[in-house]
Amino acid sequence: MELSTPLQSFPGIGPAKAKALARLGLHTAGDLLTYWPRAYEDRTKTYPIAQAPAEEPVCVSVLVAETPTSSYIRKGLTITRCKVVDGSGSATAVFFNQDYVRQALRVGESYILYGRVEVSGGRRQMTNPIFEREDRARFTGRIMPVYPLTAGISNNLLAGLALQCVEGCAQLLPEELPAGVRQEHALCAMEYACRNLHFPTDQEALAIARRRAVFEELFTLSCGMAFLRKRRGEMAGRVFPPGSVEEFRPLLPFPPTGAQRRAMEALRDDLISGRAMNRLIQGDVGSGKTAVAAFAVWLAHAGGFQSAMMAPTEILARQHYETLSGLLSPAGIRVGLLTGSLKAAEKRAVHAALTAGEIDLAVGTHALLSEGVTYRELGLVITDEQHRFGVGQRSALSAKAAQPPHVLVMSATPIPRTLALLIYGDLDVTVIDELPPGRTPVETYLVGEDKRARMYNFVRKQVSQGRQVYMICPAVEEGESDGMKAVTAYAKELAETVFPDLRVAFVHGKLKSRDKEAVMAAFGAGEVDVLVSTTVVEVGVDVPNANLMVIENADRFGLSQLHQLRGRVGRGQWQSYCVLISDNRTQETRERLRYFCQTNDGFKIAEKDLELRGPGDFFGQRQHGLPVMKAADLAGDTRVLKEAQEAAEALLRDDPTLSTPRNRPVLEKIRRLFAEDGDIFN
Ligand code: ADP
Ligand code: MG
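Every value quoted in this text rests on a predicted model; they were computed, and no experiment measured them.

1. Details of the environment of Gly572
Checked against the element boundaries, Gly572 lands in the loop between helix 18 (559–566) and strand 23 (577–581). Given a relative accessible area of 19%, Gly572 falls into the buried group. Measuring from C-alpha to C-alpha, the distance between Gly572 and Asn545 comes to 6.0 Å, with 27 residues separating the pair along the chain.

2. Focus: the domain arrangement of the chain
Domain parsing of the chain yields domain 1 (45–141), domain 2 (245–273 + 288–411) and domain 3 (443–599). A separation of 56 Å is found between the C-alpha centroids of domain 1 and domain 3.

3. Thoughts on helix 16 (residues 487–498)
By the burial criterion, the buried members of helix 16 are Val487, Tyr490, Ala491, Leu494 and Val498. Taken down its axis, helix 16 places every buried residue within 100° of arc, on the same side. In helix 16, the exposed residues that point more than 90 degrees away from the buried face are Lys492, Glu496 and Thr497. Buried residues along helix 16 sit against helix 15 (452–464), strand 19 (468–472), strand 20 (504–507) and strand 21 (530–533).

4. Overview of the packing of helix 10 (residues 289–302) against helix 11 (residues 314–328)
Contact pair helix 10 / helix 11: the axes reach a minimum separation of 11 Å and the direction vectors enclose 55°. It follows from the interaxial angle that helix 10 and helix 11 lie oblique. In this structure, the crossing between helix 10 and helix 11 has a hand that is right-handed. Between helix 10, through Thr290, Ala294, Val297 and Trp298, and helix 11, the contact on the second element is made entirely by His320, Thr323, Leu324, Leu327 and Leu328. When the residues that make up the contact of helix 10 with helix 11 are grouped by side-chain class, the tally is six nonpolar, three polar and no charged.

5. With respect to the pattern of salt bridges
Taken as a whole, this structure holds 30 salt bridges when the rule is applied. The salt bridge partner of Asp135 is Arg133, with a shortest N-O separation of 2.9 Å. What makes Arg133 partly exposed here is its relative accessible area of 25%. In this structure, the salt-bridge partner of Glu588 is Arg592, at a minimum N-O distance of 3.2 Å. Taken together, the positions of Glu588 and Arg592, both in helix 19 (residues 587–598) and four residues apart, correspond to about one turn of that helix. Here the salt bridges share partners, and the residues they tie into one network are Glu175, Glu176, Arg182, Arg212, Glu216, Lys669 and Arg672.

6. Brief notes about the nonpolar core
Among the nonpolar cores identified, the biggest contains 63 residues, and Leu32, Leu158, Phe215 and Phe219 are the most heavily contacted of them. Within the residue set of this core, elements represented by two or more residues are helix 1 (15–23), helix 2 (29–33), helix 4 (155–169), helix 6 (190–198), helix 7 (203–234), helix 22 (638–654) and helix 23 (664–673). Those residues within four positions of Phe215 in sequence are excluded, and the remaining contacts are Leu177, Val181, His185, Leu187, Val640, Glu643, Ala644 and Ala647.

Conventions adopted
Numbering of residues begins from 1 in every chain and follows the order in which that chain's sequence is written. Following the order in which they are written, the chains are lettered starting with A and the ligands numbered starting with 1. Thresholds applied to this predicted model are a pLDDT of at least 70 for local features of residues and 80 or more for the giving and counting of side-chain atom pairs; totals over whole chains, interfaces and linings are not thresholded and use all residues. Note that water and hydrogens are dropped before the side-chain values are worked out from all heavy atoms of the structure. The numbering of helices and of strands both runs from the N terminus, where a helix is a DSSP run of H or I of at least 4 residues and a strand a run of E of at least 2. Type-normalised accessible area, obtained with a 1.4 Å probe on protein chains alone, sets the label of each residue: buried when under 20%, exposed when over 50%, and partly exposed for intermediate values. Start and end points for every domain follow an automatic or database-based domain assignment. To obtain the arc, one takes the directions from the helix axis to the C-beta atoms. Should any heavy atoms of two residues lie within 4.5 Å, those residues are counted as being in contact. Helix axes use the C-alpha atoms of the stretch in contact, all axes being lines fitted to C-alpha atoms, and the angles between their N-to-C directions lie in the range 0 to 180 degrees. With respect to orientation, any angle under 35 degrees is reported as roughly parallel, any angle over 145 as roughly antiparallel, any angle of 65 to 115 as roughly perpendicular, and every other angle as oblique. Less than a right angle of anticlockwise turn of the near helix away from the far helix marks a crossing as left-handed, whereas a clockwise turn marks it as right-handed. Charged means Asp, Glu, Lys or Arg here, nonpolar means Ala, Val, Leu, Ile, Met, Phe, Trp, Tyr, Cys or Pro, and polar covers whatever is left, Gly included. Counted as salt bridges are all cases of a side-chain nitrogen of Lys or Arg within 4 Å of a carboxyl oxygen of Asp or Glu. For this analysis, a nonpolar core means a set of buried residues of the types Ala, Val, Leu, Ile, Met, Phe, Trp, Tyr and Cys, connected via side-chain atoms within 4.5 Å.

Written out as structure tokens, the structure is:
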């Protein structure tokens, strides 16, 4: 067997199965060898029948004492029973709808059964146990891998294939980690890792194998990010004229905060340095990142360059478009909007204006990446809320420039340190750690259903004082999930019964972009009092007159998400409020929501979130924009991550281009890991 042996040449794998396997990315024996299990089932515990504990599944080694018998109970239900014995006693194995068992279990033969041995009325019984002939046992008596599956592919099928591949060619797997790195970090050999990741001899061997796989993955990732950073750092950048914050100041309706000023100065220094800028501006929601971006655009324009700014949603793109046209048009900067929902003719007009250099700043969504978009002289690329864009998308936007443009990334997501280093590992980081003055912290309350009437009165009171209100629901439509407030039904109820005299509107992600925009524009213009919404308003929406955020079923949201939502209020001069509605009484939920009521600090909230809910919420939906990890858990494996980062730095110090023969495999691995992001390593 070779690593390149197609899986279709294995017994039992026809075209249909091969196609299903291909969906998992599995084509050859080599693919399967590095297809790691997502979990394990420990089937090593073996007991005599009489001593088997009832609480957990175990293996028993038995002799079939009688021919199995099947009885037809009713349509769709047949039961097969079989008496088995060992030296300690006997049990009945019971199988539902598994007729074949009658032929498969033969009297007088020895089998291993794996399952729970239940005792009732002095009799022992095993229901639907897994069984194998003792002399051909493959999946009992060992730690069994549990693989990620797809329709038409069972775990047993994959485990069977993996067993053949491990036996057949694990020793052929190339060793891709440089020997020096393996030695220094006490990592096992690839063959050992492969054997024990699929079929660990014991838990210790599994831990050793897993450590190597996790290390290797994080090491490759760290090398890739460090590599990108280094290469970018060396790229020549256009030199913008050295404008000062003071000259820019008259365009702003407010004096910049100290932190904004520092960020602007850091940018300015980058932009006149002669090297291409790659800077992340990280600042909590409401810290005023937009003004900092505007300064960069202003500098670019002064140097005769165009800028492009990409946002993750249409709502946000439109809002930036409005804010930035407002700020920059007095300086003669022409701003254009480009989103997917524009009509074809409108798009063509924007494309033409960009190509002709008649637009100085293009604000938009992914539409900015589309093929028809060309610039006359693109010098600055800005992405907002970058954690939603992949490393590759950022590069794709830059690729629109004839020469490498300056890159500015803005993010509000507070991320624990080690991870920030990895996720933004290719960027220089500036933190805006100060909110504009005069902000009073948002007052946050947690209330139950019994206070609903009071909450409605509070909404009414804010509106009567000229303010506006967000009301957030977790679902779009009724019945999506039980007991959750749904936007459409709730908006109807509010408009018809609760607030018939107020202007109620709703918005959610499933609306057409045009309708979404119309509602957001009306809310922004103060023509809507109460906006019922899903989390589509979570990112970046800025309506300073809104001062109350009500969040229904607040327990359904993660803390970081609640923090993003709350960031929509507290943006104007008025005292703002956030009301969480939840009747959930579990202690963990109460603790979480109470903590949220007490603190406004995004970093503290993010850490608490990670601590209480684990990484799922943080790293769900691949929001960090990094390649998918097969073995590593980005939030859980932080110790290995630190080690891998240090190893990566050391390696690149020695061999900055990874061009020595012993480091070539690392470079190849980086290319494969980032393959989804396009060819960004060439
Ligand atoms: P972010 O994008 O960082 O969440 P924004 O740029 O949307 O924040 O700014 C939030 C709000 O604060 C906006 O209404 C903006 O006009 C206002 N703002 C920004 N900087 C200042 C400042 N220095 N002084 C007063 N208000 C400011
Ligand atoms: Mg913003």
